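# Observations on the three-dimensional arrangement
Chain residues, written in single-letter form:
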Amino acid sequence: MTSFPGSPKILKGAIVGVDIFNPVASVAVFQYNPAEISRTIEPQYSEAGGGRAEVLRLQGPPRETISAEITLDLVDQMEAGKAGPLGGGIAGHLAALEMLVYPKSLLVAANQILLATGTMEVIPPVAPLTLFIYGWKRVVPVKIGTISITETAHDPGLNPIRAEVRLSMTVLTYNDLPPTHPGYWTFMAHQVVKETLATVASVNSIGAALGEEVDLFSL
């Protein structure tokens, strides 16, 4: 820990699974924020009509995918006598990520009971609303595509103590969710923040081109 009094407080990114039945089971706060985040944005142009006047018409927000690599490391904490949750190294932190794509065991058991009693149709489990949080300007609902885990070190009990996790996520938009779903409004808020940032940056760019500093909020 630095003793420099002017050191800024670093915000921690996180992936959070919002589940009212088990609200803390899938909260994965990044131990170290990813050094790189890769985002791919694919515009969704409308194909209706196909005329020249329709070529730039958008049918909704772009399809965005996010890739990030997260490092988990318990070595420094082990020197201080810490062994991780339940003495399992970083296994608990990995489990918090993995539980984002697991159906709840109680629901699986309940469905098996329904099948055993002759129920022909069982409702598939629904994944929790998953939020990718990387600063207050970037909070988006996502659907996990892949979780790739490479465990690079273990303790004498074979518990993982260091790992690299690669995540692939698709951002869910208001085209993917109904208005009654909280993820719908989470994405709407994200887009409003993005529009505000774009407007301020554009005005500043114009001011820089004219050799003047423009304060948007004083207009």
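Residues numbered from 1 in each chain as written. Predicted model: local features only at pLDDT ≥ 70, side-chain atom pairs only at ≥ 80, totals over all residues. Heavy atoms only, no water.

## Some thoughts on helix 4 (residues 182-209)
This is how the line gets drawn: Helix numbering and strand numbering both begin at the N terminus, where a helix is a DSSP run of H or I of at least 4 residues and a strand a DSSP run of E of at least 2. One less than the number of residues in a helix, times 1.5 Å, gives the span that helix is expected to have. A simple rule labels every residue: compare its accessible area, found with a 1.4 Å probe on the protein chains alone, to the largest value its type can have, and call it buried under 20%, exposed over 50%, or partly exposed in between. Contacts were defined at the residue level, with two residues in contact if any of their heavy atoms lie within 4.5 Å.
For helix 4, with 28 residues, the first-to-last C-alpha span of 41 Å sits near the 40 Å given by 1.5 Å per residue. The complete set of buried residues in helix 4 reads G183, Y184, T186, F187, H190, V203 and G207. Here the buried face of helix 4 lies against strand 5 (129-133), strand 6 (139-154) and strand 7 (160-171). G211 lies just past helix 4 and shows a positive phi near 75 degrees.

## Remarks on the sheet that holds strand 5
The line we're drawing: Between any two strands, pairing holds if DSSP finds at least two bridges. To get an axis, fit a line to the C-alpha atoms, keeping to the stretch in contact for a helix; angles then go from 0 to 180 degrees between the N-to-C directions.
Taken together, the seven strands give an open sheet; going across it, the order is 2-1-5-6-7-4-3, and neighbouring strands pair in antiparallel fashion. Two strands close off the open sheet at either side, each with one partner strand: strand 2 (27-29) and strand 3 (37-42). Neighbour-to-neighbour, the strand axes of the sheet open up by a mean angle of 25 degrees, direction not taken into account. In the sheet, strand 4 (residues 63-73) pairs with strand 7 via nine bridges, with the strands oriented antiparallel. Bridged to T71 within strand 7 is E164. Against the sheet, helix 2 (residues 91-98) makes contact with strand 1 (14-18), strand 2, strand 4, strand 6 and strand 7, and its axis sits at roughly 15 degrees relative to strand 7, the strand it touches most. Against the sheet, helix 4 touches strand 3, strand 5, strand 6 and strand 7, its axis set at about 95 degrees to strand 6.

## Thoughts on the nonpolar core
To keep things clear, this is the line we draw: Here, the term nonpolar core denotes a set of buried Ala, Val, Leu, Ile, Met, Phe, Trp, Tyr and Cys residues that are joined through side-chain atoms within 4.5 Å.
In terms of nonpolar packing, the biggest core is built from 24 residues, with I15, L97, F132, V165, L167 and M169 touching the most fellow members. The set of elements that each furnish at least two residues to this core consists of strand 4, helix 2, strand 6 and strand 7. The dominant element in this core, judged by the number of residues it contributes, is strand 7, at six residues. Among residues more than four places away in sequence, those in contact with V165 are A68, E69, I70, L72, L94, L97, I147, S148 and I149.

## Section: the pairing of strand 4
Looking at chain direction, strand 3 and strand 4 are connected through six bridges and run antiparallel. Opposite S38, over in strand 4, you have S67 as the bridge partner.

## Brief notes about helix 2
Worth spelling out the cut-off: Directions are taken from the helix axis to each C-beta atom, and the arc is the one they span.
For helix 2, every residue scored as buried is listed here: L94, A96 and L97. End-on, the buried residues of helix 2 take up no more than an arc of 155 degrees, which puts them together on one face. Elements in contact with the buried residues of helix 2: strand 1, strand 2, strand 4, strand 6 and strand 7.

## Examining the side chain of D73
This is how the line gets drawn: For the purposes of these results, a polar contact is taken to be a pair of N or O atoms within 3.5 Å, where, inside protein, one atom must be able to donate a hydrogen and its partner to accept one; residues adjacent in sequence count only when each atom of the pair is a side-chain atom.
Relative to the helices and strands, D73 is located in strand 4. Of the polar contacts made by the side chain of D73, one reaches the side chain of R162; its length is 3.2 Å. Look past the residues within four positions of D73 in its chain and what remains in contact with it is Q31, Y32, I161 and R162.

## What to know about a nonpolar patch on the surface
Defined as follows: Here, patches come from residues exposed beyond 30% relative accessible area and free of salt bridges, joined within 9 Å for like charges and within 5 Å for nonpolar side chains (Val, Leu, Ile, Met, Phe, Trp, Tyr). In this description, accessible areas are obtained by the Shrake-Rupley approach with a 1.4 Å probe, and a residue is regarded as covered only by the protein chains that are shown. We define a salt bridge as a side-chain nitrogen of Lys or Arg found within 4 Å of a carboxyl oxygen belonging to Asp or Glu.
Taken together, the side chains of Y45, V55, L56 and L58 define a hydrophobic patch exposed on the protein surface, amounting to about 450 Å² of accessible area. Locating V55 in the fold gives a position in the loop between strand 3 and strand 4. With a relative accessible area of 55%, V55 lands in the exposed category.

## Description of the pattern of salt bridges
Evaluation of the coordinates by the stated rule reveals four salt bridges. E64 serves as the salt-bridge partner of R39, at 2.9 Å between the closest nitrogen and oxygen. Here R39 is found in strand 3, whereas its partner E64 is found in strand 4, with 25 residues between them in sequence. A residue is classified by how much of its surface remains accessible, and R39, at 36% relative accessible area, is partly exposed. One salt bridge connects D176 with R63, and the closest N-O pair in it is separated by 3.1 Å. Taken together, the positions of D176 in the loop between strand 7 and helix 4 and R63 in strand 4 put the pair 113 residues apart, joining distant regions of the chain. According to the relative accessible area criterion, D176 is partly exposed, its value standing at 33%. Owing to a relative accessible area of 29%, R63 belongs among the partly exposed residues under this scheme.

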